[in-house]
Amino acid sequence: TQLLEQSPQFLSIQEGENLTVYCNSSSVFSSLQWYRQEPGEGPVLLVTVVTGGEVKKLKRLTFQFGDARKDSSLHITAAQPGDTGLYLCAGDEGGSEKLVFGKGTKLTVNP
Amino acid sequence: DTAVSQTPKYLVTQMGNDKSIKCEQNLGHDTMYWYKQDSKKFLKIMFSYNNKELIINETVPNRFSPKSPDKAHLNLHINSLELGDSAVYFCASSHGQGAFRSQETQYFGPGTRLLVL
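Rules behind the numbers
- Residues numbered from 1 in each chain as written.
- Chains lettered and ligands numbered in written order.
- Predicted model: local features only at pLDDT ≥ 70, side-chain atom pairs only at ≥ 80, totals over all residues.
- Heavy atoms only, no water.
- Patch = residues over 30% accessible without salt bridge, like charges linked within 9 Å, V, L, I, M, F, W, Y side chains within 5 Å.
- Areas by Shrake-Rupley, 256 points an atom, 1.4 Å probe, with all protein chains shown as cover.
- Salt bridge = Lys/Arg side-chain N within 4 Å of Asp/Glu carboxyl O.
- Helix = DSSP H or I, 4+ residues; strand = E, 2+ residues; numbered from the N terminus.
- Contact = heavy atoms within 4.5 Å.
- Buried area = accessible area lost by both parts, 1.4 Å probe.
- Polar contact = N/O pair within 3.5 Å; in protein donor to acceptor, adjacent residues only side chain to side chain.
- Disulfide = S-S within 2.5 Å.
- Buried < 20%, exposed > 50% of the residue type's maximum accessible area, 1.4 Å probe, protein only.
- Pairing = 2+ DSSP bridges.
- Axes fitted to C-alpha atoms, helices over the stretch in contact; angles between N-to-C directions.

**Some thoughts on a nonpolar patch on the surface**
In step 1: There is a patch of nonpolar side chains on the surface, built from Val12(B), Leu115(B) and Leu117(B) and spanning about 280 Å² of accessible area.
In step 2: Relative to the helices and strands, Leu115(B) is located in strand β11 (residues 112-116).

Rendered as C-alpha cells:
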C-alpha cells in the first residue's frame, strides 16, 4: 500500500489555466514537502509545511497542509510552460527520520 | 559550483558485474542519502548517513553497500548487478544538525542512470 497517494498522475493543460494536485494519506505526518523534478535532473524543494491548516504561497503556487496533517494540495494559478515537471510530495510519517515520497504528478503546460 | 555531484551520470553494464557510484557535496552538510527512482518515477530511500554513521538502512539487498569516507562523500557500491537494479540513483544531502532532520531541505544530485543488460 502506497503511503502517499498523489492525484492526478498525469495532467496536461494549456498555458494560463489553473490546476490543483493532491497528496493524500491515511497516516499523520509531522511535515510534508513538495518537490519539482525536471527531466534529467534531481528533485528541487519547493516548500515544507509543518502546521495543520498551514497555507504557504510561492508566487503563483499555493500549498496547503490539511488540518489533520494527513493530506496536502498544490494549486497553480495561470500555469506557464516553465511549470512543466514532475511534482512530488514527501512526508515524514510520525516524525521518523526518513522521507516517504508519493509517485508524483507529471504536469505538462502547453504554450 | 555544483552543490551535490554524482559520477558517473550514465552507467551501462552487464548482469553480474560490480560497479560503484560516487557522490560528493560541498554544502558542509552532515547528512547524506541514497535514493532509487524506478521507471515509474517512484523515489525510494535506500540509505542515510549522518556524520559518516549509518542512520537509515531500508530493506535493500546486501549487494548494495554504502561507504562514507568523510561527511562530504557517500559512495554506493553494487555487487553482482541484476536487471532489476536498472534505475536512476540519486544522492542527496541535508544540514543534519537540527532535531527534525526529515523536515530539512534535501539537495539532490543530478542522478546516475544505471542500465543493466
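**A few points about the interface of chain B and chain A**
In step 1: Facing 22 residues of chain B, the contacting portion of chain A comprises 23 residues.
In step 2: Area buried by chain B at its contact with chain A is led by Phe42(B), Ser102(B) and Gln103(B), which between them contribute 31% of it.
In step 3: Linking chain B to chain A there are one salt bridge.
In step 4: A salt bridge links Glu58(B) to Lys98(A); the shortest N-O distance between them is 2.9 Å.
In step 5: Between the two partners, chain B and chain A, sit six residue pairs in polar contact (both at pLDDT 80 or more).
In step 6: Elements represented by at least two residues in the side of chain B that touches chain A include exactly β4 (31-37), β5 (43-50) and β6 (53-57) of chain B.

**Here we look at the state of the cysteines**
Any covalent bond linking the sulfur atoms of two cysteines counts as a disulfide.
In step 1: In the structure shown here, the tally under the stated rule is two disulfides over all chains.
In step 2: Put simply, Cys23(A) and Cys89(A) are joined by a disulfide, and their sulfur atoms are 2.0 Å apart. When the S-S torsion is 75°, as for the bridge of Cys23(A) with Cys89(A), the disulfide is right-handed. Of this pair, Cys23(A) sits in strand β3 (residues 19-24) while Cys89(A) sits in strand β9 (residues 85-93), placing them 66 residues apart in sequence. Taken individually, Cys23(A) and Cys89(A) each receive the classification buried, so the pair is uniform in this respect.
In step 3: The residue that forms a disulfide with Cys23(B) is Cys91(B), at a sulfur-sulfur distance of 1.8 Å.

**Looking at the side chain of Ser48(B)**
Residue and element names in this part refer to chain B.
In step 1: Here serine 48 is to be found in strand β5.
In step 2: With a relative accessible area of 1%, serine 48 lands in the buried category.
In step 3: At 3.5 Å, the side chain of serine 48 forms a polar contact with the backbone oxygen of methionine 32.
In step 4: Filtering out sequence-adjacent residues up to four positions away, serine 48 remains in contact with Thr31, Met32, Tyr33, Glu53, Leu54, Ile55 and Ile56.

**Some remarks on the pattern of salt bridges**
In step 1: All chains considered together, the criterion is met by eight salt bridges over all chains.
In step 2: In this structure, Asp30(B) and Lys71(B) form a salt bridge, with 2.8 Å as the shortest nitrogen-oxygen distance. Highlighted residues: Asp30(B) in the loop between β3 (19-25) and β4 and Lys71(B) in the loop between β7 (64-70) and β8 (73-78), separated in sequence by 41 residues.
In step 3: On the accessibility criterion, Asp30(B) (10% relative accessible area) is buried.
In step 4: With relative accessibility at 34%, the residue Lys71(B) sits in the partly exposed group.
In step 5: The residue Glu82(B) makes a salt bridge to Arg63(B) at a minimum N-O spacing of 3.5 Å. Of this pair, Glu82(B) sits in the loop between β8 and β9 (87-94) while Arg63(B) sits in the loop between β6 and β7, and the two are 19 residues apart along the sequence.
In step 6: Judged by its relative accessible area of 41%, Glu82(B) is partly exposed.
In step 7: Linked by salt bridges that have partners in common, Lys98(A), Lys44(B) and Glu58(B) make up one network.

**Quick word on the sheet that holds β3(B)**
All names here are of chain B.
In step 1: Strand order in this open sheet of four strands is β1-β3-β8-β7, and the pairing throughout is antiparallel. With one partner strand each, in any of the chains shown, β1 (4-7) and β7 form the two edges of the open sheet. Between one strand axis and the next, the sheet turns through 20° on average, direction left out of account.
In step 2: Here β1 runs beside β3; their pairing, made up of four bridges, is antiparallel. Directly across from serine 5, in β3, lies its bridge partner glutamate 24.

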